[in-house]
Amino acid sequence: MTQRHANRISTRHWVAGDTLIVDLGVRMRVLSSAPRGGGLRTTRFILNHQVPSHPPGTDTTGRTWEHPSHYLRRLAETHGVEPDCVGLMTAVPMTQLVTHREERDGTWVEGFATVGVTNAVRAGEPVRQVQGEQIGATAGTINLIVVTNGCLAVPAMVGAVQVATESKTGVLRDHAVPSWTGLAGATGTGTDAVVVASALRGRGPWYPYAGTHTEIGSMIGRVVAECLLQGLALAAQWADQRRT
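Please read these numbers as outputs of a predicted model, since none were measured by experiment.

Asks: Could you clarify how one ought to interpret the overall build of the chain in this entry?
Replies: Each helix and strand counted, the chain has 3 helices and 15 strands in total. Out of the 244 residues belonging to the chain, those deemed buried represent 48%. Counting only carbon and sulfur atoms, one obtains 51% of the accessible surface of the chain, whose full area is about 11200 Å².

Asks: Honestly, the nonpolar core in this entry has me stumped. Any pointers?
Replies: Across soluble globular proteins, nonpolar side chains show a tendency to be buried alongside one another. With 33 residues, the main nonpolar core has Val-109, Leu-144, Leu-152, Val-196, Ile-220, Val-224 and Leu-228 as its most contacted residues. Listing elements by their share of this core, those giving two or more residues are strand 7 (107-115), strand 11 (142-148), helix 2 (154-174), strand 14 (193-198) and helix 3 (215-243). Non-local contacts of Leu-228, meaning those with residues more than four positions away in its chain, are made with Val-115, Ile-142, Leu-144, Lys-168, Val-171 and Leu-172.

Asks: Explanation requested: helix 2 in the structure shown.
Replies: Because the α-helix completes a turn every 3.6 residues, residues three or four places apart line up on one side. If you check helix 2, its first and last C-alpha atoms are 30 Å apart, about what 21 residues at 1.5 Å a residue would give, namely 30 Å. Of all the residues in helix 2, the buried ones are Ala-156, Met-157, Gly-159, Ala-160, Val-161, Val-163, Ala-164, Ser-167, Lys-168, Thr-169, Val-171 and Leu-172. Just past helix 2, the residue Ala-176 takes up positive phi, approximately 50°.

Asks: Mind showing me how you'd approach a nonpolar patch on the surface here?
Replies: On the surface, Leu-40, Val-154 and Val-158 cluster together into a nonpolar patch covering about 240 Å² of accessible area. Relative to the assigned elements, Val-154 resides in helix 2.

Asks: For this particular structure, what's the right way to read the packing of aromatic side chains?
Replies: For any pair of aromatic rings, geometry is given as the distance between the ring centres together with the angle between the planes. For the coordinates displayed, the defined rule picks out 0 aromatic pairs. We note Arg-201 situated over the ring of Trp-206; from NZ or CZ to the ring centre the distance is 3.8 Å.

Asks: What is the right way to look at the environment of Val-194 in this model?
Replies: Among the secondary structure elements, Val-194 is positioned in strand 14. Residues Val-194 and Ser-33, spaced 161 residues apart in sequence, show a C-alpha to C-alpha distance of 5.8 Å. Aside from chain neighbours lying at most four places away, what touches Val-194 is Leu-31, Ser-32, Ser-33, Leu-144, Val-161 and Ala-164.

Asks: Sorry if this is basic, but what is going on with the pattern of salt bridges here?
Replies: For side chains of opposite charge, pairing can occur when their charged atoms come near one another. In total, this model carries 11 salt bridges according to the counting rule given. With a closest N to O distance of 3.5 Å, Glu-77 and Arg-73 form a salt bridge. Separated by 4 residues within a single helix, Glu-77 and Arg-73 lie in helix 1 (residues 68-78), roughly one turn from each other. Glu-77 sits in the partly exposed class, given a relative accessible area of 44%. Ionic pairing is found between Glu-102 and Arg-222, a salt bridge with its closest N-O pair at 2.9 Å. Of this pair, Glu-102 sits in strand 6 (residues 98-104) while Arg-222 sits in helix 3; the two residues are 120 residues apart in sequence, bridging distant segments of the chain.

Asks: Sorry, what's going on with unusual backbone geometry here?
Replies: Both trends apply: most residues other than glycine have a negative phi, and most peptide bonds are in trans. Even without a glycine there, the phi angle at Asp-105 is positive, about 50°. Not every positive phi belongs to a glycine, and Ala-176 is a case in point at roughly 50°. Position of Ala-176 relative to the elements: it lies in the loop between helix 2 and strand 13 (188-189). What makes Ala-176 exposed here is its relative accessible area of 58%.

Asks: Explain the pairing of strand 3 (residues 19-32) to me, please; I cannot follow it from the model alone.
Replies: Two faces make up the sheet, and in a regular strand the side chains alternate between them. For strand 3, a buried count of 11 out of 14 residues is recorded, marking the element as mostly surrounded by other parts of the structure. Alignment of strand 2 (residues 9-16) against strand 3, held across 5 bridges, turns out to be antiparallel. In the strand pairing of strand 3, Trp-14 is matched with Ile-21. Following strand 2, the chain reverses through 2 residues before pairing antiparallel with strand 3; Gly-17 in that reversal takes a positive phi of roughly 65°. Examined bridge by bridge, strand 3 and strand 4 (residues 39-50) share 10 bridges and lie antiparallel to one another. Considered in strand 4, the bridge of Val-30 is made with Arg-41. Adjacent in sequence and paired antiparallel, strand 3 and strand 4 are bridged by 6 residues, among which Gly-37 carries a positive phi angle near 75°. Taken together, the 4 bridges between strand 3 and strand 14 define a ladder with antiparallel strand orientation.

Analysis parameters
- Residues numbered from 1 in each chain as written.
- Predicted model: local features only at pLDDT ≥ 70, side-chain atom pairs only at ≥ 80, totals over all residues.
- Heavy atoms only, no water.
- Helix = DSSP H or I, 4+ residues; strand = E, 2+ residues; numbered from the N terminus.
- Buried < 20%, exposed > 50% of the residue type's maximum accessible area, 1.4 Å probe, protein only.
- Areas by Shrake-Rupley, 256 points an atom, 1.4 Å probe, with all protein chains shown as cover.
- Core = buried A, V, L, I, M, F, W, Y, C linked by side-chain atoms within 4.5 Å.
- Contact = heavy atoms within 4.5 Å.
- Expected span 1.5 Å × (residues − 1).
- Patch = residues over 30% accessible without salt bridge, like charges linked within 9 Å, V, L, I, M, F, W, Y side chains within 5 Å.
- Salt bridge = Lys/Arg side-chain N within 4 Å of Asp/Glu carboxyl O.
- Phe/Tyr/Trp six-rings, centres within 6.5 Å; stacked < 30°, edge-to-face > 60°.
- Lys NZ or Arg CZ within 6 Å of the ring centre and 35° of its normal.
- Pairing = 2+ DSSP bridges.

What follows is the structure, given as structure tokens:
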């Protein structure tokens, strides 16, 4: 378990079984594409849960899973977490969780990521299917959680998502990660999710913008890039182990 303190905000995170639990310490404003609690909301907890390689739906054994949001709500309750949490799913083991943190002039940015690229894709490719299933139903996704004690205006939160995505795509391109279809230049995976959490007004430094020309945006870009670099290395090791 780790703990961070700055500007009246203390966060901690731990892994319980197959689930990363990020306790923000206080309710924060969160913008995300998460299956549980997605959109713009306030919450104290963010979860990233490992599921089998076939997520909720019907897997290859014919077993039917419940709706992801309902599943994550029940999971939160089993861990004593408030049900209004933000929750993510991945097939990447939590042993491959990576984190990185930067701090400058009283503002900090911390990133958490699980990185899988077996269903990597280039944005704009036609949707394809494998044996009647969308490739997104198989293992491999990039889940990004970015937390800052800065207070981001809503446009800045959108900008933070943009910067995080640009940084992720830049690392994938730099490392020539291909699409699962064989095309060059994957920009992400078909099931990526991103979460940005920032302080409520008055609890941290105010940022009206968070683009790449801002200090907070620059920090977000570096934190995400470092998480992707670490995550790709672990993903490669995992793939090598499965082949041997």
